[in-house]
Amino acid sequence: MAELASLAQKYSEIGKPAGAEKDEYFPCLYLDEKQMDAMKLGNPRVGTEMTMTATVRVSSISESQNGARSMSVEITEAAMSPKEKKPDAASVLFPNG
């Protein structure tokens, strides 16, 4: 499995929009109900961290004269599951309480 990398970017690099609470943002993916049902996601709560495994296809590549690059991908297959949480010390030491 490939190593996961943070995709956080700073608004301070491009100009923070009015109303933004933090100085970071992330790429966003919109899934409609049919796509959520296909992945058997149910009704996750806002803020729930999940792990996504996906097969993607590069749909465009762009490179500007100043050397900046960008890429778009199409997600052709995907699965999501709740992010694994490691047990805390108390639950390991006291599994029944």
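Below is a summary of the structure that appears in this document.

The rules behind each value
Residues numbered from 1 in each chain as written. Predicted model: local features only at pLDDT ≥ 70, side-chain atom pairs only at ≥ 80, totals over all residues. Heavy atoms only, no water. Helix = DSSP H or I, 4+ residues; strand = E, 2+ residues; numbered from the N terminus. Buried < 20%, exposed > 50% of the residue type's maximum accessible area, 1.4 Å probe, protein only. Contact = heavy atoms within 4.5 Å. Areas by Shrake-Rupley, 256 points an atom, 1.4 Å probe, with all protein chains shown as cover. Pairing = 2+ DSSP bridges. 1 Å grid on protein atoms, 1.4 Å probe; cavity = no way out; pocket = protein on both sides within 12 Å on 5 of 7 lines; lining within 4 Å. Points joined across faces, edges and corners; volume = space filled by probe spheres on them. Nonpolar A, V, L, I, M, F, W, Y, C, P; charged D, E, K, R; others polar. Patch = residues over 30% accessible without salt bridge, like charges linked within 9 Å, V, L, I, M, F, W, Y side chains within 5 Å. Salt bridge = Lys/Arg side-chain N within 4 Å of Asp/Glu carboxyl O.

### Some thoughts on the overall build of the protein chain
- Scanning the protein chain from terminus to terminus reveals two helices and four strands.
- Ordered by position in the sequence, the α and β elements of the protein chain form the string β-β-α-β-β-α.
- Every one of the 97 residues in the protein chain was classed for burial, and the buried ones make up 4%.
- Restricting the contact set of the protein chain to residue pairs at least 6 apart, pairs at least 24 apart contribute 29%.
- Summing over all exposed atoms, the protein chain offers an accessible surface of approximately 9200 Å²; the carbon and sulfur share of this is 52%.

### Digging into the pairing of strand β3 (residues 50–63)
- Pairing of β3 with strand β4 (residues 69–82) involves 13 bridges; the strand directions are antiparallel. Across the sheet, S60 pairs through a bridge with S72, a residue of β4.
- The turn linking β3 back onto β4 is made up of five residues, and G67 within it adopts a positive phi angle of 95 degrees.

### Brief notes about the layout of surface pockets
- Computed from the structure, the largest pocket encloses a volume of approximately 1700 Å³.
- For the lining of the largest pocket, the elements supplying multiple residues, two or more each, are β3 and β4.
- When residues in the lining of the largest pocket are grouped by element, the largest group, six residues, is from β3.
- Here the lining of the largest pocket is composed, by residue class, of 21 nonpolar, five polar and five charged.
- Approximately 160 Å³ is the volume found for the second largest pocket.
- Every residue lining the second largest pocket is listed: L29, Y30, L31, Q35, A38, M39, M52, I75, T76, E77 and A78.
- Only α1 (33–38) and β4 provide two or more residues apiece to the lining of the second largest pocket.
- Looking at the lining of the second largest pocket element by element, the count peaks at four residues for β4.

### Examining the environment of E84
- Counting through the fold element by element, E84 comes out in the loop between β4 and α2 (89–93).
- Separated by 33 residues in the primary sequence, E84 and T51 place their C-alpha atoms 8.0 Å from one another.

### Re unusual backbone geometry
- Even without a glycine there, the phi angle at K40 is positive, about 55 degrees.
- Here K40 is to be found in the loop between α1 and β3.
- Look at K40 and you get exposed, because its relative accessible area is 76%.

### Quick notes on a nonpolar patch on the surface
- A cluster of nonpolar side chains, namely L29, M52, V56, V58, I61, M71, V73 and I75, defines an oily patch on the protein surface of about 700 Å² accessible area.
- Those elements giving two or more residues to the nonpolar patch turn out to be β3 and β4.
- Residue contributions to the nonpolar patch peak at four residues, all from β3.
- Position of V58 relative to the elements: it lies in strand β3.
- The exposure class of V58 is partly exposed, given its relative accessible area of 48%.

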